[in-house]
Amino acid sequence: MKEIDNRLVQIVPSERQLNHQKLQFYSFVHFTLNTFTDKEWGDGTEEPAIFNPEKLDAKQWVDSIKAAGMKGLILTCKHHDGFCLWPSNYTEHTVAASPYKEGKGDIVKEVSKACSDAGIAFGVYLSPWDRNNKSYGQGKEYDDFFIHQLEELLTNYGEVFTVWFDGACGEGPNGKKQIYDWDRYYEVIRRLQPGACISVCGPDVRWCGNEAGDTRASEWSVVPMRTRDTEKIAENSQQQDDDCFRERNISAHDADLGSREILDKEKELIWYPAEVNTSIRPGWFYHEYEDDKVKPLSKLIHIYNNSVGGNATFLLNIPPTKEGLFHENDVKRLHEIGAYLKQAYGKNLMDLAELKADSFMPGFDIENVRTDDYDTYFRTNDGVTDCMIHLMWREKVEVNHLVLKENIRLSQRIEKFEVQSLIDGNYNTIYEGTVVGHKKIIPLENISTSEIIIRILDARVAPTLSFLGVY
Ligand code: FUL
């Protein structure tokens, strides 16, 4: 029996974090005056008079993301330019001052309703950095204003699954300096929407650290408390309006946030799962000149497999056009993603497999991995941190993807595993991995086999598996 490290596995997700992670794949929608000025960052002086998305159809947005297999939508209710997509009572810089629906429109209402009609979770992006409001930089005066806006968004638009606080600020050293009263913001969110996660500059969902769709080889959910320091997050966020930022990858010094070597040196640990965010196009906002720059399906699937299938969630931005519609090229891609996911994960070959594990705790046998839930799961006996699981078929099967899930209610435990398959009478190692966590997807190149062995080689304490999928 090896010495067991209980400290790490005491760190588990909250119910809201668990629900958030289950959404797996959801969309961002960046829409504001920038859409009409062809900019990525507005400076707050743009006239609401230019805002008139005459064909706006929130249902078209929601239908399209649903077709891609997404389960949620986060709307930029207010971006850095300070323009509000809802008629806020606390500023004039809103849709009410625009020709859209003769000033009677409320896009937050339209989108939240379209989401709830379609069973899609609705989330709110409210930029802390506001380049329009006079009180920005005035301390409490701005916090009061910001709190009022939060209250409007969190009381008038139904249930919200996340509040996304951007760390970006382009004021520079000589600009306005607003010290945000984060704790006050968080208190309002917890009170008005107790089920909502607070993402990025918040305690529940961690920004993966880049906007290019780059993912970590090992993305841990138990990480040092210091990773949620809002000052640090802001420092790493975008600080000027440049395209290069969006192409920057994860730096080497940031690659390992949660291996045992890292965590052993840390006093305070938290459950802080990663979210990978990128745009379907180079920019976050719509630009006609990017119509032929929609990311290829292969790239998006690669990001999907490495984020959703890499113990993170995937937040993919789709920017509406000036008319207020998703562009046909983006819609086409979203449908392709959905079709791909259906075909790739439609038929689980586990139905035909015989299962065997060389160690399990009574009541937690390997048959429990056939259902995708946390109520029944496989685990080894106390003190046993390695095990071998055989998946066997009477006839050869063609395999393209393996899916492994831990019961993360009991934290993440697996640290090292490998996969072998029987090909032409020989056992070949076809994959070596570290993190499983919420979900690990292993793409395989259409291997033909009658036996797969999953060997869990090391775990923090007795490893669990809540689900296994073979596709
Ligand atoms: C960044 C912002 O500056 C971008 O405009 C965009 O909203 C992205 C999601 O976050 O930091």
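Above this text you will find the structure in question.
These figures come from a predicted structure and were not determined experimentally.

J.: Would you mind showing me how to read the pattern of salt bridges here?
T.: Side-chain pairs of opposite charge can arise where the charged atoms are in close proximity. Applying the stated criterion to the full structure yields 29 salt bridges. The residue K101 makes a salt bridge to E110 at a minimum N-O spacing of 3.2 Å. K101 gets classed as partly exposed once you look at its relative accessible area, which sits at 46%. The shortest N-O distance in the salt bridge between D372 and K405 comes to 3.0 Å. Of this pair, D372 sits in the loop between β11 (354-357) and β12 (378-379) while K405 sits in strand β13 (residues 387-405), and the two are 33 residues apart along the sequence. Here the salt bridges do not stand alone but share partners, grouping R206, R216, E219 and D254 into one network.

J.: Whenever I open this one, the sheet that holds strand β5 (residues 197-200) confuses me. Can you help?
T.: Consider a sheet: its strands pair through backbone hydrogen bonds, and that pairing is either parallel or antiparallel. If you trace the eight strands from one edge of the open sheet to the other, you get β5-β4-β3-β2-β1-β10-β9-β6, paired in parallel fashion. Each having just a single partner strand, β5 and β6 (206-207) make up the two edges of the open sheet. When strand β2 (residues 72-78) meets strand β3 (residues 121-126), the two strands line up parallel, connected through six bridges. In the strand pairing of β3, I74 is matched with G123. Here helix α2 (residues 15-23) sits on the sheet in contact with β1 (25-29), β3, β4 (162-165), β5, β9 (274-279) and β10 (312-317), set at roughly 65° to β5. Where helix α4 (residues 58-67) meets the sheet, it contacts β1 and β2, and its direction lies at approximately 140° from that of β2.

J.: In this structure, what is going on with the environment of L465? I would like to understand it.
T.: When you line up the elements, L465 lands in strand β17 (residues 464-465). L465 gets classed as buried once you look at its relative accessible area, which sits at 0%. Sequence separation between L465 and K405 is 60 residues, and the spatial gap between their C-alpha atoms is 5.6 Å. Residues contacting L465, with those up to four places away along its chain left out, are V369, Y377, F378, I389, L404, K405, E406, I414 and I456.

J.: Sorry, what's going on with helix α12 (residues 328-345) here?
T.: At 3.6 residues per turn, the α-helix brings residues three or four places apart onto the same side. Its 18 residues give α12 an end-to-end C-alpha distance of 26 Å, which sits within 8% of 26 Å, the value for a rise of 1.5 Å per residue. Listed in full, the buried residues belonging to α12 are D330, V331, R333, L334, I337, G338, L341, A344 and Y345. One side of α12 holds all its buried residues, which, seen down the axis, span an arc of 165°. Structural note: α12 exposes E328, K332, K342 and Q343 on the side pointing more than 90 degrees away from its buried face. Turning to α12, the residues buried within the fold contact β1, α4, α11 (297-307), β10, β13 and β16 (440-459).

J.: What exactly am I supposed to notice about the side chain of T464 here?
T.: In this structure, T464 sits in strand β17. A polar atom in the side chain of T464 sits 3.0 Å from the backbone nitrogen of N407. Beyond its immediate sequence surroundings of up to four residues, T464 is in contact with Y377, F378, R379, K405, E406, N407, L410, R413 and I414.

J.: Is there a simple way to think about the site of the ligand in this case?
T.: For the ligand, the full set of nearby residues is F28, H30, W41, H79, H80, Y125, D166, A168, E211, Q238 and W284. The separation between an oxygen atom of the ligand and a polar side-chain atom of H30 is 2.7 Å. The side chain of E211 places a nitrogen or oxygen atom 3.4 Å from an oxygen atom of the ligand. Protein contacts shield 98% of the accessible area of the ligand, which totals 290 Å² for the unbound molecule. For the shell around the ligand, the class distribution of residues is five nonpolar, four polar and two charged.

Calculation rules
Residues numbered from 1 in each chain as written. Predicted model: local features only at pLDDT ≥ 70, side-chain atom pairs only at ≥ 80, totals over all residues. Heavy atoms only, no water. Salt bridge = Lys/Arg side-chain N within 4 Å of Asp/Glu carboxyl O. Buried < 20%, exposed > 50% of the residue type's maximum accessible area, 1.4 Å probe, protein only. Helix = DSSP H or I, 4+ residues; strand = E, 2+ residues; numbered from the N terminus. Pairing = 2+ DSSP bridges. Contact = heavy atoms within 4.5 Å. Axes fitted to C-alpha atoms, helices over the stretch in contact; angles between N-to-C directions. Expected span 1.5 Å × (residues − 1). Arc of directions from axis to C-beta. Polar contact = N/O pair within 3.5 Å; in protein donor to acceptor, adjacent residues only side chain to side chain. Near = heavy atom within 4 Å. Areas by Shrake-Rupley, 256 points an atom, 1.4 Å probe, with all protein chains shown as cover. Nonpolar A, V, L, I, M, F, W, Y, C, P; charged D, E, K, R; others polar.

Keep in mind that these numbers describe shape and distance, not what the molecule does.
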